[in-house]
Structures are given as C-alpha cells and as structure tokens.
Amino acid sequence: GDQDKIKIASRILDPLGYINNIDTIKSCQLNGDPCDLYCLYPTNVELLSGKIVFTTACFSAAGLGRCAIANGAYSYTGSQDLFLFPIDSMGSQDMYGNIQLIGLKELLLGHTVADAEAKMNEEEDKLIRKFKRIKYIALTLLWNKKNRKVLGDMNSSIYINQGIDK
C-alpha cells in the first residue's frame, strides 16, 4: 500500500539515509505528493518571503514558484516547462536574454509585476512577427511566452512592497 510506496520512495530519494523518520515523510506533503523534494530536504525557500522573484529557470514555476508563494513571496515569475533559446551565428540567444532584461528593467523602475509581464509579452510578440519565417526562433519565443507563469500578486512592485513611494 501507501506505506510500502513511501518506503521505496525514501530509499530512492534518500540513499544515504538522511531521512530517518518515515512519519515525517508521510506528514510532509506538497500537493499530495509525499516524494516532493521541498518536503524531504531542508531548503531555504523561506528566504523568498516578502520578495518579488524573477527567474528563467526551467520548471521553476511548477515547483519552487508554488512553494515560494506558499512561503510568503509576493510574486514569482518563472517557467513551468523548459526555457528554450537557440544559439546560432546570428546571436539569437541574446534576444532571449534581452526579453528577460526588459522585465527586470520594468521591475527596477518601480513598475508592477503585471507591467513587467506586459512589456515582455509586447517584445516577444514583436519578435515573433519579425522572425515568423524563421521557425526555430519564432516557435521558441512563443514556447517561452506560453510557459512563463507569474504566480502571486501581479500588482507587486519592489518599491510599493517595501513602503517606498516611487
């Protein structure tokens, strides 16, 4: 039954035996998954409390993002799947980095997370139209746009949340 599955999972996920209390594993669940690594191992996710988090890390919104919001982060922007970008002789990879920099710039200027997301979407739409005939660029831009998720408070701003007027 479930007890056997938990014992098997703990042997696979904890080969060195750091987890020694099976009851801790049973009671520590994120979205009903007793094998979630945020529950099995100590993390520092609580350091994200009261923060606006912006990442380009693959799959981060699906796991860490939800956990960060649950631990008090104002907002979390990340990818729910792979973050893709081509590396070619045209320097296409720089386009993808620039999109992220547009979002960060908006945040640093005191705009909301929603404003930053909107500016990034505008830039991606512009580039998708520009490179619509170059499929490996247009499709990866669309993929990243579709898989970027903003969790938490879209009206967060680094200045407003810190009690500082813009």
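Note that residues are indexed from 1 along each chain, following the sequence as it is written. Selection of residues for local features in this predicted model requires a pLDDT of at least 70, selection of side-chain atom pairs for listing and counting requires 80 or more, and totals for whole chains, interfaces and linings are taken over all residues. Calculation of side-chain values draws on the structure's entire complement of heavy atoms; hydrogens and water are dropped beforehand.

> Kindly report on the pattern of salt bridges, identifying the contributing residues and their values.
A pair is scored as a salt bridge if a Lys or Arg side-chain nitrogen falls within 4 Å of a carboxyl oxygen belonging to Asp or Glu. Across all of its chains, the model carries four salt bridges by this definition. Between Glu117 and Arg148 there is a salt bridge, and its shortest N-O distance comes to 2.8 Å. Pair noted here: Glu117 is in helix H6 (residues 113-130) and Arg148 is in strand E3 (residues 148-152), with a separation of 31 residues, a long-range link. Think of it in three bands: with a 1.4 Å probe and only protein chains considered, a residue is buried below 20% of the maximum accessible area for its type, exposed above 50%, and partly exposed in between. Residue Glu117 is classed as buried on the basis of its relative accessible area, which comes to 12%. Here Arg148 falls in the buried class, since its relative accessible area comes to 9%. The helix and strand labels rest on DSSP assignments: H or I over at least four residues marks a helix, E over at least two residues marks a strand, and numbering proceeds from the N terminus.

> For the sheet that holds strand E2 (residues 75-79), give the residues involved together with the corresponding values.
Paired strands, as defined in this entry, are two strands with at least two bridges between them according to DSSP. Across the sheet, which stays open at both edges, the three strands sit in the order E1-E2-E3 with mixed pairing between neighbours. Looking at which strands have only one partner, the edges of the open sheet turn out to be strand E1 (52-54) and E3. Each strand of the sheet is rotated relative to its neighbour by a mean of 15°, with strand direction disregarded. Where E1 meets E2, three bridges bridge the pair, whose relative direction is parallel. Within E2, the residue paired with Ile52 across the bridge is Ser75. Here, two residues are considered to be in contact whenever any of their heavy atoms come within 4.5 Å of each other. In this analysis, axes come from line fits to C-alpha atoms, helices being fitted only over the stretch in contact, and the angle between any two N-to-C directions falls in the range 0 to 180 degrees. Lying on the sheet, helix H7 (residues 135-147) is in contact with E2 and E3; it crosses E3 at an angle near 15°.

> Break down the pairing of E2 for me, with residues and values.
The buried count for E2 comes to five of five residues, which makes it a mostly enclosed element. Both faces of E2 are covered, namely the face carrying Ser75, Thr77 and Ser79 and the face carrying Tyr76 and Gly78. If you view a crossover with the strands going away from you and the path from the first strand over the helix to the second runs clockwise, you call it right-handed. A crossover connection joins E1 to the parallel E2 through helix H4 (residues 61-70); in handedness this β-α-β unit is right-handed.

> Which residues make up the environment of Gly152, and what are the values?
Here Gly152 shows up in strand E3. You can call Gly152 partly exposed: its relative accessible area is 47%. C-alpha separation for the pair Gly152 and Arg66, spaced 86 residues apart in sequence, amounts to 8.8 Å. Setting aside residues up to four positions removed in sequence, Gly152 forms contacts with Ile69, Tyr74 and Ser75.

> Give me the lowdown on the packing of H6 against H7, citing residues and values where you can.
Across the interface, H6 lies against H7 with an axial gap of 9 Å and an inter-helix angle of 160°. Looking at the two axes, H6 sits roughly antiparallel to H7. You can see that H6 and H7 cross each other, and the crossing is left-handed. Along the contact surface, H6 presents Asn121, Glu124, Asp125, Leu127 and Ile128, while H7 presents Ala138, Leu141, Leu142, Asn144 and Lys145. Looking at the contact of H6 with H7, its residues break down into five nonpolar, two polar and three charged. Should an angle lie under 35 degrees it is considered roughly parallel, over 145 roughly antiparallel, and from 65 to 115 roughly perpendicular; all remaining angles are considered oblique. Each crossing is labelled by how the near helix is turned from the far one, with a counterclockwise turn of less than a right angle marking it left-handed and a clockwise turn marking it right-handed. As a working rule, the residues Ala, Val, Leu, Ile, Met, Phe, Trp, Tyr, Cys and Pro are called nonpolar, Asp, Glu, Lys and Arg charged, and the rest polar, with Gly in that last group.

> Go over H7 with me, naming the residues and quoting the values.
In this scheme, a helix's expected span is set at 1.5 Å multiplied by one less than its residue total. Its 13 residues give H7 an end-to-end C-alpha distance of 18 Å, which sits within 8% of 18 Å, the value for a rise of 1.5 Å per residue. Those residues of H7 not exposed but buried are Ile137, Ala138, Thr140, Leu141, Asn144 and Asn147. Against E2, helix H5 (92-108), H6 and E3 lie the buried residues of H7.

> Before we move on, could you go through the packing of H5 against H6 and cite the residues and values that matter?
H6 packs onto H5 with a crossing angle of 155° between their chain directions and a minimal axis gap of 8 Å. Taken as axis vectors, H5 and H6 run roughly antiparallel relative to one another. H6 is crossed by H5, and the crossing has right-handed handedness. Across from Met95, Ile99, Gln100, Ile102, Gly103, Glu106 and Leu107 in H5, the residues of H6 making contact are Val113, Asp115, Ala116, Lys119, Met120, Glu123, Glu124 and Leu127.

Functional significance is not addressed by these values, which are geometric in nature.
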